[in-house]
Amino acid sequence: MAESGTLPSSATAKRISRVRASRFRCAGRCPTLTPGRGNSRPSGLFQPEGLIVNPIPELAPHLKQLRLSGILGSLEARNRQAIESKLAYTEFLSLLIHDEVARRDQTKFALRLRRAAFRSGKSLEGFDFARLPNLNRALIHDLATGRYLQEKAPVLIVGPCGTGKSHLAQALGHCAVRQGVDVLFTTQAQLCATLTTARAVGTVERKIATLSRVPLLIVDDFGLKPLRASADEDFHDLIAERYERAATIVTSNLDFSEWDQAFPANRLLASATLDRLRHNAYCLTLDGESYRSPKLAPTAPKSAPQKQVKSATL
């Protein structure tokens, strides 16, 4: 052993430096935890294998502050999945983000569907094409893709009562909603009543401007009632504002050549309005029997006449 005050040999100095380096390396390591032995878990460390962390109480206020509270609905299940499948951090985060995006898309879809004000849940899958063999099915499926929305072109649907005009118009509107497009469904009578009320309170210009910004406006039963004074002007102003700016679907029981009859008080206004509606429009004619035909009650089967048995006299 070296005496005090003497320098250590080179071998001893190297051994001391290795020990010191090993101590510095160990100083940065975290202690190994064993479940069930009462070891305290330092903050920021992961839960040992076999135990599932419940991070919801700690993360809930932060997610709400970031407006990501929808993640709470799938956080526990995704956390369990990540532990059992030993997913990477990025995979776990990707699952949560996809869940949040899907939830927001579903919320937006439900909101658009409610604002569209459809009468019923009519869809293209539920449309009976077999009743209308002469209908251009290829054109309808092309319209379902939403190409007319990008072209900002009108779609005009005519046909007798009960042939499915309203069904088809709402089905195309439903397809547009699924594509993320805002839609408004109304009848001509409801639309004119809304514009008349707005004119009475002095907000008709603002109402027309609001309706003109709707990407897809569906006007059902055009020409079912004649447009009276002021109502025909408001309808013309709305169509003129939407011309080549937004798509419009119009259904009518009248043939295309009879649409001017909806403007009995002003045929010049009718010509100007219909000229804008027909320009670059997709026209569909539904010709067939009405699906509203009454159902006949089943007739009771006729009973066979009973033969009379003659009683023999003794």
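Attention here is on the structure that accompanies the text.

The rules behind each value
- Residues numbered from 1 in each chain as written.
- Predicted model: local features only at pLDDT ≥ 70, side-chain atom pairs only at ≥ 80, totals over all residues.
- Heavy atoms only, no water.
- Helix = DSSP H or I, 4+ residues; strand = E, 2+ residues; numbered from the N terminus.
- Buried < 20%, exposed > 50% of the residue type's maximum accessible area, 1.4 Å probe, protein only.
- Contact = heavy atoms within 4.5 Å.
- Areas by Shrake-Rupley, 256 points an atom, 1.4 Å probe, with all protein chains shown as cover.
- Pairing = 2+ DSSP bridges.
- Core = buried A, V, L, I, M, F, W, Y, C linked by side-chain atoms within 4.5 Å.
- Expected span 1.5 Å × (residues − 1).
- Arc of directions from axis to C-beta.
- Polar contact = N/O pair within 3.5 Å; in protein donor to acceptor, adjacent residues only side chain to side chain.
- Axes fitted to C-alpha atoms, helices over the stretch in contact; angles between N-to-C directions.
- Parallel < 35°, antiparallel > 145°, perpendicular 65-115°, else oblique.
- Left-handed = near helix turned anticlockwise from the far one by under 90°.
- Nonpolar A, V, L, I, M, F, W, Y, C, P; charged D, E, K, R; others polar.
- Salt bridge = Lys/Arg side-chain N within 4 Å of Asp/Glu carboxyl O.
- Phe/Tyr/Trp six-rings, centres within 6.5 Å; stacked < 30°, edge-to-face > 60°.

Along its length, the protein carries eleven helices and five strands. Each of the 314 residues in the protein was classed as buried or not, and the buried ones make up 32%. Counting only contacts in the protein whose residues sit at least 6 apart along the sequence, the fraction spanning at least 24 positions is 78%. With an accessible surface of roughly 21,000 Å², the protein has 54% of that area assigned to carbon and sulfur atoms.

Turning to the pairing of strand β5 (residues 282-285), a few remarks are in order. What you see with β5 is a clean split: Tyr-282 and Leu-284 sit on the buried side and Cys-283 and Thr-285 on the side with no burial. Where strand β1 (residues 155-158) lies against β5, four bridges are found, and the strand directions are parallel. The partner of Val-158 across the bridge, within β5, is Thr-285.

Soluble globular proteins tend to bury their nonpolar side chains together. Tyr-148, Leu-216, Ile-249 and Leu-284 are the most contacted members of the largest nonpolar core, which has 33 residues in total. Looking at this core, the elements that each hand over two or more residues are α5 (137-144), α6 (147-151), β1, α7 (165-178), β2 (183-187), β3 (216-222), β4 (247-252) and β5. Among the elements that make up this core, the one with the highest residue count is α7 (seven residues). When neighbours within four sequence positions are excluded, Tyr-148 is seen to be in contact with Leu-143, Ala-153, Val-155, Leu-172, Leu-216, Ala-247, Ile-249 and Tyr-282. Counting 27 residues, the second largest nonpolar core, distinct from the first, contains Leu-191, Leu-238, Val-250 and Phe-263.

Given a rise of 1.5 Å per residue, twelve residues ought to cover 16 Å, and the 16 Å separating the end C-alpha atoms of helix α11 (residues 267-278) matches this to within 8%. Those residues of α11 that fall on the buried side of the exposure criterion are Leu-269, Ala-270, Thr-273, Leu-274 and Leu-277. Relative to the axis of α11, the buried residues are bounded by an arc of 120° and lie together on one face. Seen from the buried face of α11, the exposed residues on the opposite side, beyond 90 degrees, are Leu-268 and Asp-275. Close packing links the buried residues of α11 with β1, β3, α10 (231-242) and β4. Regarding α11, its N-cap is Asn-266, as a side-chain oxygen of that residue lies 3.3 Å from the backbone nitrogen of Leu-268 further along. Note on α11: the residue one or two positions beyond its end, Asn-280, has a positive phi of about 60°.

Glancing now at the packing of α10 against α11. Contact pair α10 / α11: the axes reach a minimum separation of 10 Å and the direction vectors enclose 30°. Between α10 and α11, the angle is such that the two are roughly parallel. Judged by the sense of rotation from one axis to the other, the crossing of α10 with α11 is left-handed. Seen from α10, the contacting residues are Asp-232, Glu-233, Phe-235, His-236, Ile-239 and Ala-240; seen from α11, they are Leu-269, Ala-272, Thr-273, Arg-276 and Leu-277. Taken together, the residues of the contact of α10 with α11 break down into six nonpolar, two polar and three charged.

In this section: the pattern of salt bridges. Going through the model one piece at a time under the given rule, you end up with 13 salt bridges. Note that Glu-100 and Arg-103 form a salt bridge whose closest N and O atoms lie 2.9 Å from each other. Pair noted here: Glu-100 and Arg-103 are both in helix α4 (residues 89-116), with a separation of three residues, about one helical turn. Residue Asp-182 is joined to Arg-112 by a salt bridge in which the shortest nitrogen-to-oxygen separation is 3.3 Å. Separated by 70 residues along the polypeptide, Asp-182 in the loop between α7 and β2 and Arg-112 in helix α4 bring together distant segments of the chain. Judged by its relative accessible area of 38%, Asp-182 falls in the partly exposed class. Since its relative accessible area comes to 21%, Arg-112 is described here as partly exposed. Among the charged side chains, a salt-bridge network with shared partners connects Glu-100, Arg-103 and Arg-104.

Time to look at the packing of aromatic side chains. As enumerated under the stated definition, the model contains seven aromatic pairs in all. Note on Phe-127 and Phe-129: the rings are 4.9 Å apart at their centroids and 70° apart in plane angle, and the pair reads as edge-to-face. Taken individually, Phe-127 and Phe-129 each receive the classification buried, so the pair is uniform in this respect. With a centroid separation of 6.3 Å and 50° between ring planes, the pair formed by Phe-222 and Phe-263 is classed as tilted. Note that Phe-222 is positioned in strand β3 and Phe-263 in the loop between β4 and α11, a separation of 41 residues in sequence. For the pair shown, Phe-222 and Phe-263 are each scored as buried. An aromatic cluster of three or more residues is present, and its members are Phe-222, Phe-235, Phe-256, Trp-259 and Phe-263.

Moving on, we come to the sheet that holds β4. Reading across the sheet, the five strands line up as β2-β3-β4-β1-β5 and stay open at both edges, with parallel pairing between neighbours. Every interior strand has two partners, whereas the edge strands, β2 and β5, have only one. Pairwise comparison of adjacent strand axes, ignoring direction, gives a mean angle of 15° for this sheet. In the sheet, β2 pairs with β3 via five bridges, with the strands oriented parallel. If you follow Val-183 over to β3, its bridge partner there is Leu-216.

The values are spatial; any link to function lies outside them.
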